[in-house]
Amino acid sequence: DQQVKQNSPSLSVQEGRISILNCDYTNSMFDYFLWYKKYPAEGPTFLISISSIKDKNEDGRFTVFLNKSAKHLSLHIVPSQPGDSAVYFCAASAGSNAGNMLTFGGGTRLMVKP
Amino acid sequence: NAGVMQNPRHLVRRRGQEARLRCSPMKGHSHVYWYRQLPEEGLKFMVYLQKENIIDESGMPKERFSAEFPKEGPSILRIQQVVRGDSAAYFCASSPFVRDDSDTQYFGPGTRLTVL
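Structure report, in brief. (Residues numbered from 1 in each chain as written. Chains lettered and ligands numbered in written order. Predicted model: local features only at pLDDT ≥ 70, side-chain atom pairs only at ≥ 80, totals over all residues. Heavy atoms only, no water.)

## Comments concerning unusual backbone geometry
Moving on, step 1. For the bond from Val78(A) to Pro79(A), the omega torsion is -10 degrees, close enough to zero to count as cis.
Moving on, step 2. For Pro79(A), the location among the structural elements is in the loop between strand 8 (72-77) and strand 9 (86-94).
Moving on, step 3. For the bond from Asn7(B) to Pro8(B), the omega torsion is -5 degrees, close enough to zero to count as cis.
Moving on, step 4. Although it is not a glycine, Glu52(B) adopts a positive phi angle of roughly 65 degrees.
Moving on, step 5. Along the chain, the position of Glu52(B) falls in the loop between strand 5 (43-50) and strand 6 (53-56). (Helix = DSSP H or I, 4+ residues; strand = E, 2+ residues; numbered from the N terminus.)

Okay, structure coming up:
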């Protein structure tokens, strides 16, 4: 039972355009969501997070949107750069205290073409 | 470098041997998590520890796997009698003890275990 799903295994975008990565979840207890970026042979790098009390969080070129009624979140990257090419994972946790396990999606490979 | 440290980065074992993976959390972090990533899959939670305590091991296989986070020294993930199916990337993450809603976990570079 996959509680967090990233239905697009890959996405190709032209440099300078917007990249939109999507994530759906099923567990209504999830209340904290994170996006990680991962290069081959490295660990995931934290990008941005959002609490369920918000519907948007922005940090530079990265914006995360949360639609609780649809149990859907998305990561927007604008403008996309070739260095953004990596695998992106969304993750979710239930409970707002430090110490809760993260449930990850399967990842989306983003390729930004120069 | 104050990031999460893991060693070794690569580990090769023959079937039946033991594998020991080490993780030193970020400075000031008292929570350690282990995750496993099988090829072409996402990360799967294994265990969550605080110093000298296992808090949640719901993701750990019932046999051959154990984890500890002693009062002094790194956290250890131990796999006894390894089998080929244990081949994977094992990631450690840490988070600070906070009383607000920050749940961010920071990951180490991983240990890639290959079982021959």
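## Structural notes on the side chain of Gln105(B)
Moving on, step 1. Topologically, Gln105(B) is positioned in the loop between strand 9 (88-96) and strand 10 (106-107).
Moving on, step 2. Note on Gln105(B): relative accessible area 0%, which makes it buried.
Moving on, step 3. Within the local environment of Gln105(B), its side chain forms a polar contact with the side chain of Tyr35(B), the two groups lying 2.9 Å apart.
Moving on, step 4. Setting aside its immediate chain neighbours within four residues, Gln105(B) contacts Leu34(A), Tyr36(A), Asn100(A), Met101(A), Leu102(A), Tyr33(B), Tyr35(B), Ala93(B), Ser94(B) and Ser95(B). (Buried < 20%, exposed > 50% of the residue type's maximum accessible area, 1.4 Å probe, protein only. Polar contact = N/O pair within 3.5 Å; in protein donor to acceptor, adjacent residues only side chain to side chain. Contact = heavy atoms within 4.5 Å.)

## Thoughts on the state of the cysteines
Moving on, step 1. For the structure on display, the rule yields 2 disulfides over all chains.
Moving on, step 2. Note that Cys23(A) is cross-linked by a disulfide to Cys90(A), the S-S spacing being 1.9 Å. On the sign convention where negative is left-handed, the bridge of Cys23(A) and Cys90(A), at about 60 degrees about the S-S bond, is right-handed. Here Cys23(A), found in strand 3 (residues 19-25), pairs with Cys90(A), found in strand 9; they are 67 residues apart in sequence, far enough to count as distant.
Moving on, step 3. The buried category is assigned to Cys90(A), whose relative accessible area is 1%.
Moving on, step 4. Two residues share a disulfide in this structure: Cys23(B) and Cys92(B), whose sulfurs sit 1.8 Å from each other. Where Cys23(B) bonds to Cys92(B) through sulfur, the torsion about that S-S bond is close to -55 degrees, and the disulfide is left-handed. On the criterion of sequence distance, the pair formed by Cys23(B) in strand 3 (residues 19-24) and Cys92(B) in strand 9 is long-range, its members being 69 residues apart.
Moving on, step 5. Here Cys23(B) falls in the buried class, since its relative accessible area comes to 0%. (Disulfide = S-S within 2.5 Å.)

## Regarding the layout of surface pockets
Moving on, step 1. The computed volume of the largest pocket comes to approximately 440 Å³.
Moving on, step 2. Surrounding the largest pocket, 20 residues form its lining, Val87(A), Arg109(A), Gln37(B), Glu40(B) and Glu41(B) being those nearest its centre.
Moving on, step 3. Contributions of two or more residues to the lining of the largest pocket are made by strand 9 and strand 11 (108-113) of chain A together with strand 9 of chain B.
Moving on, step 4. Among the residues making up the lining of the largest pocket, the classes are represented as 9 nonpolar, 6 polar and 5 charged.
Moving on, step 5. Taken as a whole, the second largest pocket holds about 300 Å³ of empty space.
Moving on, step 6. Looking at the second largest pocket, it is lined by 17 residues, and the ones nearest its centre are Asp1(A), Thr103(A), Phe104(A), Leu43(B) and Lys44(B).
Moving on, step 7. Counting residues per element, the ones that place at least two in the lining of the second largest pocket are strand 10 (103-104) of chain A together with strand 5 of chain B.
Moving on, step 8. Top contributing element to the lining of the second largest pocket by residue count: strand 5 of chain B, with 3 residues. (1 Å grid on protein atoms, 1.4 Å probe; cavity = no way out; pocket = protein on both sides within 12 Å on 5 of 7 lines; lining within 4 Å. Points joined across faces, edges and corners; volume = space filled by probe spheres on them. Nonpolar A, V, L, I, M, F, W, Y, C, P; charged D, E, K, R; others polar.)

Limitation: the analysis is restricted to geometry and does not speak to function.
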